[in-house]
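# Chains, contacts and geometry: an overview
Here is how the chains run, residue by residue.
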Amino acid sequence: YQNILKSVLEKKKLLAVLIDPDKFPVENAASFLQKVNTSQATHVFVGGSTVDDFVTEILVLEIKKYTQLPVVLFPGDVTQITNKADAILFLSLISGRNPEYLIGKHIKAVSKLQRSTLEVVPTGYLLIESGKVTAVERVTGEKPLSRSNIQEVADTAYAGQLLGMKLIYLEAGSGAQSALTRTMISEVKKTLNIPLIVGGGIRSKQQLDEAYKAGADLVVIGTAFEEHTTFFEELKREKHYESP
Ligand code: 1GP
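Figured I'd write up the structure that's included with this text. Please read these numbers as outputs of a predicted model, since none were measured by experiment. (Residues numbered from 1 in each chain as written. Predicted model: local features only at pLDDT ≥ 70, side-chain atom pairs only at ≥ 80, totals over all residues. Heavy atoms only, no water.)

The secondary structure content of the protein amounts to ten helices and eight strands. The C-alpha atoms of the protein give a radius of gyration of 17 Å, which matches the 18 Å a tight globule of 244 residues would have. A principal-axis box enclosing the C-alpha atoms of the protein has dimensions of 55 × 40 × 35 Å. Within the protein, the fraction of its 244 residues that count as buried is 50%. Counting only contacts in the protein whose residues sit at least 6 apart along the sequence, the fraction spanning at least 24 positions is 71%. When the accessible area of the protein is evaluated, it comes to approximately 12100 Å², of which 53% is carbon and sulfur surface. Once the 28 positive and 28 negative side-chain charges of the protein are each reduced to a mean point, those two points are 3 Å apart. (Helix = DSSP H or I, 4+ residues; strand = E, 2+ residues; numbered from the N terminus. Rg over C-alpha atoms; globule rule 2.2 N^0.38 Å. Buried < 20%, exposed > 50% of the residue type's maximum accessible area, 1.4 Å probe, protein only. Contact = heavy atoms within 4.5 Å. Areas by Shrake-Rupley, 256 points an atom, 1.4 Å probe, with all protein chains shown as cover. Lys, Arg positive; Asp, Glu negative; His and termini not counted. Charge placed at Lys NZ, Arg CZ, Asp CG, Glu CD.)

Take the pattern of salt bridges next. If you walk through the whole model with that rule in mind, you get 13 salt bridges. Notably, a salt bridge pairs E187 with K190, separated by 2.8 Å at the nearest N-O pair. Of this pair, E187 and K190 both sit in helix α7 (residues 182–191), three residues apart, roughly one helical turn. Residue classification places K190 among the exposed positions, given a relative accessible area of 61%. Linked by salt bridges that have partners in common, K6, E10 and K12 make up one network. (Salt bridge = Lys/Arg side-chain N within 4 Å of Asp/Glu carboxyl O.)

Let us look at the site of the ligand. Within the structure, the ligand sits among 14 residues, and E171, S174, G175, G201 and T223 are positioned closest to it. In the model, an oxygen atom of the ligand is placed 2.7 Å from a nitrogen or oxygen of the G175 main chain. Note that an oxygen atom of the ligand is positioned 2.8 Å from one of the backbone N or O atoms of G201. Here the ligand loses 97% of its free accessible area of 300 Å² to cover by the protein chains. (Near = heavy atom within 4 Å. Polar contact = N/O pair within 3.5 Å; in protein donor to acceptor, adjacent residues only side chain to side chain.)

Attention shifts here to helix α4 (residues 99–114). Spanning 16 residues, α4 covers 22 Å between terminal C-alpha atoms, matching the ideal 22 Å at 1.5 Å per step. Along α4, the largest kink reaches about 40 degrees and is centred on K108. Of all the residues in α4, the buried ones are Y101, G104, H106, A109 and L113. (Expected span 1.5 Å × (residues − 1). Bend = angle between axes of the 7 residues up to and from the residue.)

Moving on to the packing of aromatic side chains. Counting across every chain of the model gives eight aromatic pairs. Ring centres of F225 and F232 lie 4.1 Å apart, and the angle between their planes is 10 degrees; on these two criteria the pair is classed as stacked. Given a relative accessible area of 1%, F225 falls into the buried group. Linked through ring pairs, F24, F32, F225, F231 and F232 together constitute an aromatic cluster. (Phe/Tyr/Trp six-rings, centres within 6.5 Å; stacked < 30°, edge-to-face > 60°.)

Let's shift gears to the packing of helix α2 (residues 29–38) against helix α3 (residues 55–66). The packing of two helices is summarised by the inter-axis angle and the distance between the axes. One can describe the packing of α2 onto α3 by two numbers: an axis separation of 9 Å at closest approach and a directional angle of 50 degrees. Of the possible angle classes, the one that applies to α2 and α3 is oblique. For the crossing formed where α2 meets α3, the hand is right-handed. Residues A29, A30, L33 and N37 of α2 form the contact with α3, whose participating residues are E62, I63 and Y66. For the contact of α2 with α3, the residue count by class is five nonpolar, one polar and one charged. (Axes fitted to C-alpha atoms, helices over the stretch in contact; angles between N-to-C directions. Parallel < 35°, antiparallel > 145°, perpendicular 65-115°, else oblique. Left-handed = near helix turned anticlockwise from the far one by under 90°. Nonpolar A, V, L, I, M, F, W, Y, C, P; charged D, E, K, R; others polar.)

Right, let's get into the packing of α7 against helix α8 (residues 205–214). In contact at an axis separation of 8 Å, α7 and α8 are set at 30 degrees when each is read in the N-to-C sense. In terms of orientation, α7 lies roughly parallel with respect to α8. Taken as a pair, α7 and α8 cross one another with a handedness that is right-handed. Together, R182, I185, S186 and K189 of α7 and E210, A211 and A214 of α8 make up the contact between the two elements. When its residues are assigned to classes, the contact of α7 with α8 shows three nonpolar, one polar and three charged.

This part covers the pairing of strand β5 (residues 119–127). For strand β4 (residues 87–93) and β5, the ladder comprises seven bridges, and the chain directions are parallel. Note that in β5 the partner of L93 across the bridge is Y125. Note on the crossover from β4 through α4 to β5: the handedness is right-handed. In this sheet, strand β6 (residues 167–171) lies alongside β5 in parallel orientation, the contact comprising five bridges. If you follow T123 over to β6, its bridge partner there is L167. (Pairing = 2+ DSSP bridges. Right-handed = clockwise from strand over helix to strand, strands pointing away.)

And the structure:
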């Protein structure tokens with residue numbers, strides 16, 4: 001978390017590649033991570049809405065073999081918690097009203113977290129309407145916040161900050177038809193003084209840069225990399241040339 005804060009202070013934008021253990025063949029880890037390493041990605045997030053038991057741990061161990069980037073759990077359920085990662089986004093679905101996703105799952109996670117060395121980062125998670133029903137909506141049974149009610153989204157994010165969340169994650173949902181608008185991102189960013197994560201439906205370098213310009217500190221991309229690993233080519237890490 002301190003590294004994220006430092007990057008925000010230095011105005012360095014962050015990019016997380018999201019790997020969903022349910023969709024990702026473990027045997028692809030070496031070649032996939034090689035591409036991640038040459039891109040501008042700064043984090044690897046691991047998680048999904050529905051994942052079989054133990055799959056996450058096997059995948060995290062494999063990812064760790066091929067990258068030095070921090071591996072952060074973005075869990076859809078308690079079963080996805082593994083001590084082999086570096087940190088966990090302790091997500092509370094504050095856009096919803098389902099106690100299970102506000103505090104229930106968290107209590108069930110306690111015994112695992114007490115035994116782990118994971119850095120736990122309290123994160124206010126807001127699901128925003130994206131044009132189709134997303135996996136998060138299906139699994140949690142929670143309706144997303146309306147795209148047109150920006151004030152409600154901004155107030156919810158700010159309430160999360162007041163409750164002590166260390167990050168706010170604005171989520172359009174994996175594979176969202178349309179990514180979140182610049183206005184939505186910038187209005188939420190204006191109200192916060194904690195880092196803002198944005199994800200869902202971002203499929204091009206242009207959309208990524210727009211999200212950054214609007215105020216996202218860290219962007220999460222999953223589907224675009226799953227569909228075309230050539231997308232990494234567009235996001236090559238900038239070379240730093242030494243002056244002569
Ligand atoms: C999903 O925000 C992430 O939780 C990433 O979404 O898969 O659409 O990139 P995509």
